[in-house]
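Report on the structure
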Amino acid sequence: MKILELEVDDSIFDKFKGFLEILPKNKIKIKEIYDDSHIDYVEKEEQKDIEKNLSNKNCRKVSHSKLVKL
């Protein structure tokens, strides 16, 4: 068996999957992978503030966390 990786545009994704469904089920294996790497973790303004603070050599912001055993 060979592996083929495709990037399919959202506008034709459902049609493409429909095409794959006509192929013999015992001959192909489909694994859908969602790419969410384009989603930012923080807002752009917040990212700018973080970068500004990190570039300041006198920045002494301390963060604390607490470990809780369950």
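Our subject is the structure listed above.
Below or above, wherever it landed, is the structure these notes cover. (Residues numbered from 1 in each chain as written. Predicted model: local features only at pLDDT ≥ 70, side-chain atom pairs only at ≥ 80, totals over all residues. Heavy atoms only, no water.)

Focus: a negative patch on the surface
This is how the line gets drawn: A patch is a set of surface residues, each over 30% in relative accessible area and not in a salt bridge, joined within 9 Å for like charges and within 5 Å for the nonpolar side chains Val, Leu, Ile, Met, Phe, Trp and Tyr. Note on areas: Shrake-Rupley, 1.4 Å probe, and residue coverage restricted to the protein chains presented here. Throughout this description, the term salt bridge denotes a Lys or Arg side-chain nitrogen within 4 Å of a carboxyl oxygen of Asp or Glu. By the counting rule applied here, Lys and Arg register as positive and Asp and Glu as negative, while His and the ends of each chain are not counted. For this purpose, a charge sits on NZ of Lys, CZ of Arg, CG of Asp or CD of Glu. Only DSSP runs of H or I covering at least 4 residues are called helices, and only runs of E covering at least 2 are called strands; the numbering of each starts at the N terminus.
Side chains of Glu5, Glu7, Asp35 and Asp36 sit close together on the surface and give a patch of like negative charge. For Glu5, the position within the fold is in the segment before helix 1 (13-20).

Describing the layout of surface pockets
Formally: Using protein atoms alone on a 1 Å grid, points that fit a 1.4 Å probe yet trap it form a cavity, whereas open point sets bounded by protein on both sides within 12 Å along at least five of seven lines form a pocket; residues with an atom within 4 Å of a point count as lining. Grid points are joined across faces, edges and corners, and a volume is the space filled by probe spheres set on the points.
One number sums up the size of the largest pocket: a volume of about 1100 Å³. Leu4, Glu5, Leu6, Lys31 and Glu32 are, among the 23 residues lining the largest pocket, the residues nearest its centre.

Some remarks on the pattern of salt bridges
Tallied over the full model, the rule gives 2 salt bridges. In this structure, Lys17 and Glu32 form a salt bridge, with 2.7 Å as the shortest nitrogen-oxygen distance. Residue Lys17 is located in helix 1, and its partner Glu32 is located in the loop between helix 1 and helix 2 (44-55); the two are separated by 15 residues in the primary sequence.

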